[in-house]
Amino acid sequence: MSCLDVSRMGFKHVGENVRIYAGARIIGCEHIHIGSNVIIDDFVLIYANAPVYIGSYVHIASYTSISGGEALLEDFSTLSSGVRIIAGTDDFLGAGMANSTIPAPYRKVHRSFVHVGRHAIVGANCSVLPGVHIGEGAAVGASSMVGKSLAPWGVYAGVPARWLKARESETILRLERELIAERPFEPLRPPRFTDRCC
């Protein structure tokens, strides 16, 4: 598999050891900040019409899409195959006409954010809707729909996603400390975005 030359893509910021496979489609690189040790698989679509922050040690698996507004994927987070991060949407209740072919004065679009916390993992084929904060260490089961924010260190699944049980954090956080001691990196600190949504 071949990777793209990230130094030539025009990102707002890009760290070290970033692998973006050639089949990925990224629009709006000028809005995207990427930390270090990141993998973006083939067939990922990122449409950045607002700031998108991807921390360090983040994996975005194949067939995932991120679109619609601001997004923050904190350090050590994972988006499994087929995840849909939807940070903005048309109003479907009748406040305006809906779809991208309609001129702006006739539409009602809600632009928001999606925030995926440190060590959170979103399972395959999940949909995450606008305005959602997935707490640190939360794990979301495959094919779930996340329409409301999720508390840290829980396991969630379903449509809509519901809390199932606590997720063990002690081992993960200990391993993080060990990794950082062995391979220090500078965490990506997004301005204003973290303050607003968390």
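Everything that follows concerns the structure shown earlier in this document.
Predicted model, so just to flag it, every value in this text is computed and none were measured.

Engineer: I would appreciate a short explanation of the pairing of strand β22 (residues 162-166) in the present structure.
Structural biologist: Of all five residues in β22, zero are buried; the element is thus mostly exposed. Relative to β22, strand β21 (residues 154-157) runs antiparallel, the two being bridged by four bridges. Looking across to β22, one finds that G154 is bridged to A166.

Engineer: Explain the sheet that holds strand β4 (residues 32-34) here, please?
Structural biologist: If you walk across this open sheet you meet the six strands as β1-β4-β7-β10-β15-β18, and the pairing is parallel. Edge positions in the sheet fall to β1 (13-14) and β18 (132-134), since each has one partner strand and no second.

Engineer: Can you help me understand unusual backbone geometry in this one?
Structural biologist: With the exception of glycine, the majority of residues adopt a negative phi angle, and the majority of peptide bonds are in the trans configuration. Cis rather than trans, the peptide bond between V159 and P160 has omega equal to 0°. Look at F43: it is not a glycine, yet its phi comes out positive at around 70°. Looking at the element boundaries, F43 is found in the loop between β5 (38-40) and β6 (45-47). In this structure, N125 is a non-glycine residue whose phi angle is positive, near 60°. Locating N125 in the fold gives a position in the loop between β16 (121-122) and β17 (127-128).

Engineer: I'm lost on the nonpolar core in this one. Help?
Structural biologist: Nonpolar side chains in soluble globular proteins tend to be buried together. If you look at the biggest cluster of nonpolar residues, it comprises 39 residues, and the most contacted ones within it are I40, I54, I60 and I134. Contributions of two or more residues to this core are made by β2 (18-20), β4, β5, β7 (52-54), β10 (70-73), β15 (113-116) and β18. If we ignore the near neighbours within four places in the chain, the residues touching I40 are R19, I20, Y21, A24, I26, I34, I46, I54 and I60.

What counts, and where the lines are drawn
- Residues numbered from 1 in each chain as written.
- Predicted model: local features only at pLDDT ≥ 70, side-chain atom pairs only at ≥ 80, totals over all residues.
- Heavy atoms only, no water.
- Buried < 20%, exposed > 50% of the residue type's maximum accessible area, 1.4 Å probe, protein only.
- Helix = DSSP H or I, 4+ residues; strand = E, 2+ residues; numbered from the N terminus.
- Pairing = 2+ DSSP bridges.
- Core = buried A, V, L, I, M, F, W, Y, C linked by side-chain atoms within 4.5 Å.
- Contact = heavy atoms within 4.5 Å.

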